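Coordinates in review
Below are the chains, spelled out letter by letter.
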Amino acid sequence: MGDAGETLCAGARLVATAAGDLLARIETPLAEALVSVRRAQVLAYRPRGCAEDLLFVGSRTAFRPGRERMGGVPLCWPWFGVDPDGGPIHGFARTADWRLLDCAPQPDGAVRLRLVPEPATFAAWPHPCALLLEIRVGATLGLMLETRNEADHPWTLSQGLHTYLRVGASDRVRLHGLDGRCYLDKARGAPVAPCRQQGPVSAGGEEVNRIYLDAPGPLWLDDPVLGRRIRVRARGSRTWVVWNPGATEIHRFADDLAPEDARRFLCVETVNTASETLNLAPGAASRIGADYQIETL
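Here the structure is a predicted model, which is why all the values come from computation and not from measurement.

**Points about the overall build of the protein**
- Tallying secondary structure elements over the protein gives 1 helix and 23 strands in all.
- Seen along its three principal axes, the alpha-carbon backbone of the protein occupies a region of about 50 × 50 × 35 Å.
- For the protein, with 297 residues in total, the buried portion stands at 52%.
- Within the protein, counting contacts between residues at least 6 apart in sequence, those at least 24 apart form 64% of the total.
- As displayed, the protein has an accessible area near 12,600 Å², and 50% of this comes from carbon and sulfur atoms.

**Section: the state of the cysteines**
- Under the criterion given, the structure shown has 0 disulfides.
- Here cysteine 195 stays unpaired: no disulfide links it, and the sulfur of cysteine 182, its closest cysteine neighbor, is 8.8 Å away.
- No disulfide involves cysteine 267; its sulfur sits 9.4 Å from that of cysteine 76, the nearest cysteine.
- Classification of cysteine 267 as buried rests on a relative accessible area of 0%.

**What about the sheet that holds strand β19 (residues 228-235)?**
- Spatial strand order, β7-β8-β9-β10-β23-β19-β18-β14: 8 strands in an open sheet with antiparallel pairing. Where the open sheet ends on each side, the last strands, each with one partner, are β7 (98-104) and β14 (174-176). Across the sheet, the mean angle separating the axes of adjacent strands is 15° when strand polarity is ignored.
- Looking at chain direction, strand β9 (residues 129-137) and strand β10 (residues 141-149) are connected through 9 bridges and run antiparallel. Bridge pairing in β10 links leucine 131 to threonine 147.

**Here's the deal with the side chain of serine 158**
- Among the secondary structure elements, serine 158 is positioned in the loop between β11 (155-157) and β12 (159-161).
- Under the relative-accessibility criterion, serine 158 is labelled buried at 9%.
- Of the polar contacts made by the side chain of serine 158, one reaches the backbone nitrogen of phenylalanine 80; its length is 2.8 Å.
- What serine 158 contacts, discounting residues up to four positions off in sequence, is Cys76, Trp77, Pro78, Trp79, Phe80, Asn272, Thr273 and Thr277.

**Regarding empty space enclosed by the protein**
- Tallied over the full model, the rule gives 1 cavity of 30 Å³ or more.
- In this structure, the largest cavity encloses a volume near 40 Å³.
- Arg114, Leu115, Pro117, Phe122, Cys129, Ala130 and Leu131 together form the lining of the largest cavity.
- Elements represented by at least two residues in the lining of the largest cavity include exactly β8 (109-115) and β9.
- At 3 residues, β9 tops the list of elements feeding residues into the lining of the largest cavity.
- The class makeup of the residues in the lining of the largest cavity is 6 nonpolar, no polar and 1 charged.

**Re the layout of surface pockets**
- Of the pockets and cavities examined, the largest pocket occupies roughly 1,100 Å³.
- Taken together, 47 residues make up the lining of the largest pocket; nearest its centre are Phe80, Gly81, Val82, Ile89 and His90.
- At the level of secondary structure, the elements contributing two or more residues to the lining of the largest pocket comprise β11, β17 (208-212) and β20 (239-244).
- Ranked by the residues each element gives to the lining of the largest pocket, the list is headed by β11, at 3 residues.
- In the lining of the largest pocket, the residues fall into 22 nonpolar, 13 polar and 12 charged.

**So, the nonpolar core**
- If you look at the biggest cluster of nonpolar residues, it comprises 67 residues, and the most contacted ones within it are Trp77, Trp98 and Ile135.
- With 5 residues, the top contributor of residues to this core is β9.
- Residues Tyr164, Ile250, Leu257 and Phe265 belong to the second largest nonpolar core, which totals 10 residues.

**Looking at the environment of arginine 136**
- When you line up the elements, arginine 136 lands in strand β9.
- The partly exposed category is assigned to arginine 136, whose relative accessible area is 21%.
- With 28 residues separating them along the chain, arginine 136 and aspartate 108 place their C-alpha atoms 6.4 Å apart.
- Setting aside residues no more than four positions away along its own chain, arginine 136 makes contact with Asp108, Gly109, Ala110, Leu141, Gly142, Arg235 and Asp291.
- A polar side-chain atom of arginine 136 sits 2.9 Å from a polar atom in the side chain of aspartate 291.

What counts as what
- Residues numbered from 1 in each chain as written.
- Predicted model: local features only at pLDDT ≥ 70, side-chain atom pairs only at ≥ 80, totals over all residues.
- Heavy atoms only, no water.
- Helix = DSSP H or I, 4+ residues; strand = E, 2+ residues; numbered from the N terminus.
- Buried < 20%, exposed > 50% of the residue type's maximum accessible area, 1.4 Å probe, protein only.
- Contact = heavy atoms within 4.5 Å.
- Areas by Shrake-Rupley, 256 points an atom, 1.4 Å probe, with all protein chains shown as cover.
- Disulfide = S-S within 2.5 Å.
- Pairing = 2+ DSSP bridges.
- Axes fitted to C-alpha atoms, helices over the stretch in contact; angles between N-to-C directions.
- Polar contact = N/O pair within 3.5 Å; in protein donor to acceptor, adjacent residues only side chain to side chain.
- 1 Å grid on protein atoms, 1.4 Å probe; cavity = no way out; pocket = protein on both sides within 12 Å on 5 of 7 lines; lining within 4 Å.
- Points joined across faces, edges and corners; volume = space filled by probe spheres on them.
- Nonpolar A, V, L, I, M, F, W, Y, C, P; charged D, E, K, R; others polar.
- Core = buried A, V, L, I, M, F, W, Y, C linked by side-chain atoms within 4.5 Å.

Structure follows, in structure tokens:
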């Protein structure tokens, strides 16, 4: 839809980058956002009057062919985590090419994107399907990822919104809404035994990598350094992943993250995985989404 620089709708424009990405800059009376069209990845969102962005993007990350930026909201699809058949971690939707479909008018500006079904992209995924992402930019940031099975057979799906929330200091924030919930502690390695959360979730110097089960939310993240609270409401999901590499593991991501970046974000991810892996019948659709709202503490 259109060339770089063309107005998409009131307050939204396309901007081509030298590296080959296509960015949608969205401005509404309520907020502004930056979206990578090529990767269907929200890179920035800030309501009017907020001093800090909702999202964190790694200080070393960049748009590269076959890669996603580490930060913002990468998409995990059609599997979350490691593919048992040897495919790329978190699937291929976050590194495939997407196409902009349309842009809705103000005041709650929205864009819709569709995954381009290139033969190479689906070489390891022989299941005809349609994948759409809607991004709403208003007083809250709203995301909705829709999958429709267009095959004549069922197939399984795990997926997620791998959201990097910007924080003032990861060891100072507290994530509420998961007290008493069971989780799988992936940072401990295999075998993974169920644990139970006691009080709010915190992140110190070591890696945090947990899958929280049967937790409808909402969650809220209190950040005394930035003086704000972030509320997250899930749609189509009762499973959350909380991740931060900590000072002990951030070296594994040196291409995208500087050592000091570990203290600047906490991933709070809305997912369908583990006990919530889906089985889509022919013609059936799956929708997973989240809404993010910033409040003053």
